[in-house]
Amino acid sequence: MEYNKLIAGMHTGDDVEGFYVLKDAFLKTTAAGKPFLSGVLADRSGTIDLKVWDYSGPIGANPADTGRIVKIRGQVSEFKGAPQLTAGRIRMADGNDQYDLSALVPTAPIDADARVAEIERMIDSMEDREYQSVARTMLARHLDAFRSIPAAKSVHHSFLSGLLMHTLNMLRLADYLSGLYAGIIDRSLLLTGTLLHDFAKEREFTFSGLGMVTDYSLSGQLIGHLVMGAQEVQQCAESLGLPQEKSLLLQHMILSHHGEPEFGAAVRPMCAEAELLSEIDLIDSRMEIYAEALQDLPVGSFSNTEQTAAGALPRRFILSQARAYTPIAYTAWRCPYDRGLTHQSQGAGCVHHRDPHHHPAGGKALRTFQIDRTQGPCRAAAGREPRAVRRGPRDP
C-alpha cells in the first residue's frame, strides 16, 4: 500500500491510500440497478477516473462536494486503455487530517510577479492613451483574481494561475503579430482586447476553497463571459470618456473572440484585430491541449480520444476528433525550467531557448543539452537537475 502516491506515478495493480482533490463526482446506477459513484480525482501531477461500486452517498449527492479533498483507499486498474482507480473506501477530509496542499493543487509553473510586470510593461508601451487607460483600469480591477484563477474548468489551463499564463502567452503572440502586420493592425487595440478577453471568467465560474473551478455560476450559464466582459468594458469605457467607436471595437473583440457562433461567439469577427484575437486564443488553447496530451505519450505512439479528451470536447478545442502523435525523428521536449518553453531535439542534442524574465540562470540566448530518450526529459550538460514539471489534468 502506497500512501499519497502522485497520480502520474500510478500503475495498474498499485494499492494506494491518501488524499486527493475530488474534481468531479456523480452518483449513478448500473444496468442491474446498483448504485455507484463515478468521478475524477486530481493532484498536482494529473487526474485519474474514480469508481466506487455499491455506493449511494453521501459524497456525490451535493454539488458542493466538487473541489474538496477526499481520503480514499483503493486499487489502480485500466479501463478502455486509461487508468482507473477503484476505491473500496472514501470519505471527506476533515480538520484532523494532515496533508500537503501543494501536492494536491495543480499550479502554473510561472513566476506570477514577473508575468504581471511584463503585462504592465506592455500596457506602458501602448501608443493609444485611451486604450491604455482602459487596459490599466481593468487590470487593476481584476488583478487579484487574474493572478490566481484557472483559465477554464477543464480543457486548457485549468490550473491555478492558468488565466495569467494563458493571457500572457496570447499577449506575446499579439505583440509579435501586430509588428508583422503593422500596416493592418492597431497594436494598442489588439493588446487591450487580448488582455481583457477573459476577465469576466472571474464571475463566470464558481471556485472551491482551493481556488479551482467547480462549476459555472448562474450568470455564467445564463449570460457567459463574453457578454459579461463586453458589458463591463462598455461601462469602463463610458466612465473614462472613450469615444463610442473605440468602446464598440473593444466590445466587439470580446464578443467575437470564440470565432464562430457554434463555438460560443456572439458575433463573428469583423475587424482585423478581432480576427487575430480569435486565432491567437485558439492557438494557445490548442497548444496547451496538445501539451497535456503529449506529456505521457511514449515516443512513436498515438494518444487515444480518452487520453486527449476524456470524452467529447467542443470542436473549437479538438483533440476529441483526432489523435496526437509523438514523432520519433523530431521530438519537442519540455523545458525543465518553464513549461512555456521546449527543447527541440534531433538525434542526441537539443537547444534550450532561455526566457530572461524568469529563468533562474538569467538570459543567455542558447544552451545545448544532451538527452537520453530512455530517461525522459533531458538534463543540462552542466549537471543542473531540472525542477519538477507540472502534469496537468486531461479531462474535459
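Anything mentioned here points back to the structure above.
Below: a short report on this structure. (Residues numbered from 1 in each chain as written. Predicted model: local features only at pLDDT ≥ 70, side-chain atom pairs only at ≥ 80, totals over all residues. Heavy atoms only, no water.)

This next bit is on helix α4 (residues 187-196). Among the 10 residues that make up α4, nine are buried, leaving the element largely enclosed by the rest of the structure. Along α4, the residues classified as buried are Ser188, Leu189, Leu190, Leu191, Thr192, Gly193, Thr194, Leu195 and Leu196. Measuring from the side-chain oxygen of the N-cap residue of α4 to the backbone nitrogen of serine 188 gives 3.1 Å; that N-cap residue is aspartate 186. (Buried < 20%, exposed > 50% of the residue type's maximum accessible area, 1.4 Å probe, protein only. Helix = DSSP H or I, 4+ residues; strand = E, 2+ residues; numbered from the N terminus. Polar contact = N/O pair within 3.5 Å; in protein donor to acceptor, adjacent residues only side chain to side chain.)

For the rest of this paragraph, the subject is empty space enclosed by the protein. Summed over all chains, the structure comprises three cavities of 30 Å³ or more. Within this model, the largest cavity holds a volume of roughly 100 Å³. For the largest cavity, the full set of lining residues is Val21, Lys23, Ala42, Thr66, Gly67, Leu104, Val105, Pro106, Met212 and Val213. When its residues are assigned to classes, the lining of the largest cavity shows seven nonpolar, two polar and one charged. (1 Å grid on protein atoms, 1.4 Å probe; cavity = no way out; pocket = protein on both sides within 12 Å on 5 of 7 lines; lining within 4 Å. Points joined across faces, edges and corners; volume = space filled by probe spheres on them. Nonpolar A, V, L, I, M, F, W, Y, C, P; charged D, E, K, R; others polar.)

Taken as a whole and assessed by the stated rule, the structure comprises 18 salt bridges. The shortest N-O distance in the salt bridge between glutamate 2 and lysine 5 comes to 3.1 Å. As a salt-bridge pair, aspartate 14 and lysine 5 come within 2.8 Å of each other at their nearest N and O atoms. Lysine 5 matches aspartate 14 in its accessibility class, with the two residues each being buried. (Salt bridge = Lys/Arg side-chain N within 4 Å of Asp/Glu carboxyl O.)

Right, let's get into the pairing of strand β2 (residues 15-29). When strand β1 (residues 2-3) meets β2, the two strands line up parallel, connected through two bridges. When the sheet's bridge partners are listed, tyrosine 3 is paired in β2 with glutamate 17. When β2 meets strand β5 (residues 69-79), the two strands line up antiparallel, connected through seven bridges. Its bridge partner lying in β5, tyrosine 20 is registered against valine 70. With eight bridges connecting them, β2 and strand β3 (residues 35-43) associate as antiparallel partners. Across the sheet, the residue bridging to phenylalanine 26 is serine 38, located in β3. Joining the antiparallel neighbours β2 and β3 is a turn of five residues, in which glycine 33 adopts a positive phi near 90°. (Pairing = 2+ DSSP bridges.)

What follows covers the packing of aromatic side chains. Per the counting criterion, the structure on display carries five aromatic pairs. When the centroid spacing of 5.3 Å and the interplanar angle of 40° are considered together, the rings of phenylalanine 19 and tyrosine 99 count as tilted. In this pair, phenylalanine 19 is assigned in strand β2 and tyrosine 99 in the loop between β6 (82-92) and α1 (112-124), connecting sequence segments 80 residues apart. Relative accessible area serves as the criterion here: at 3%, phenylalanine 19 is assigned to the buried category. Between phenylalanine 146 and phenylalanine 199 the ring centres are 5.1 Å apart and the planes differ by 75°, which places this aromatic pair in the edge-to-face class. Residue phenylalanine 146 is found in helix α2 (residues 129-148), and its partner phenylalanine 199 is found in the loop between α4 and α5 (201-204); the two are separated by 53 residues along the sequence. For phenylalanine 146, a relative accessible area of 2% translates into the label buried. (Phe/Tyr/Trp six-rings, centres within 6.5 Å; stacked < 30°, edge-to-face > 60°.)

Axis angle and axis distance: for two packed helices, these are the angle between their axes and the distance between the axes, and together they describe the pair. Put simply, α2 and helix α7 (residues 225-240) touch, their axes get as near as 10 Å, and they point 120° apart. Regarding the angle of α2 to α7, the classification is oblique. Of the two possible hands of crossing, α2 and α7 adopt the one that is right-handed. Residues Ser133, Val134, Thr137, Met138, Arg141 and His142 of α2 lie in contact with α7, whose contacting residues are Glu232, Val233, Cys236 and Leu240. When its residues are assigned to classes, the contact of α2 with α7 shows five nonpolar, three polar and two charged. (Axes fitted to C-alpha atoms, helices over the stretch in contact; angles between N-to-C directions. Parallel < 35°, antiparallel > 145°, perpendicular 65-115°, else oblique. Left-handed = near helix turned anticlockwise from the far one by under 90°. Contact = heavy atoms within 4.5 Å.)

Here we take up the environment of alanine 112. Here alanine 112 lies in helix α1. Residue alanine 112 is classed as buried on the basis of its relative accessible area, which comes to 16%. A C-alpha to C-alpha distance of 7.6 Å links alanine 112 and serine 161, two positions 49 residues apart in sequence. Excluding its chain neighbours within four sequence positions, the residues that come into contact with alanine 112 are Arg147 and Leu164.

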